Amino acid sequence: MQHNPTYCAVDAANVDTGDLNGDGIPDLVVSADSGLRYLLGNGDGSFRPPVQFSSDGFSLYAESRLALADFNRDGNLDVAAIDSAGIAAF
């Protein structure tokens, strides 16, 4: 399978990796002034276009720190964004 590279500017301030969809391929999570996004990995070092997380009113800023873990113990990787406003889990 051949992927045509797509280049996308993501204003990433913080980046973390983890398998968000359980396919065994590393994915990216980025925090930026424009919000929290994830990019699913294709398995060949490239990534699909970024998808915006729904923040449900939580304001994310470029300085938001990220943590990836199975916080609720359901077997799926969760994302937490931490900044001066508090902590939001996705």
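Novice: Requested: an account of the pairing of strand 3 (residues 35-39), with residues and values cited.
Specialist: Here strand 3 lies mainly inside the structure; 4 of its 5 residues are buried. Direction of pairing for strand 2 (residues 27-32) relative to strand 3: antiparallel, over a ladder of 5 bridges. Looking at the pairing, A32 lines up with G35 of strand 3. If you look at the hairpin formed by strand 2 and strand 3, you'll find 2 residues sitting between the two strands. Note: strand 3 against strand 4 (residues 51-52), 2 bridges, orientation antiparallel. Residue pairing across strands places Y38 opposite V51, the latter belonging to strand 4.

Novice: Quick rundown of unusual backbone geometry? Include the residues and the values.
Specialist: The phi dihedral of R73 falls on the positive side, at around 55 degrees, and the residue is not glycine. Within the secondary structure, R73 sits in the loop between strand 5 (65-69) and strand 6 (78-83). Under the relative-accessibility criterion, R73 is labelled exposed at 78%.

Cut-off values and rules
- Residues numbered from 1 in each chain as written.
- Predicted model: local features only at pLDDT ≥ 70, side-chain atom pairs only at ≥ 80, totals over all residues.
- Heavy atoms only, no water.
- Buried < 20%, exposed > 50% of the residue type's maximum accessible area, 1.4 Å probe, protein only.
- Helix = DSSP H or I, 4+ residues; strand = E, 2+ residues; numbered from the N terminus.
- Pairing = 2+ DSSP bridges.

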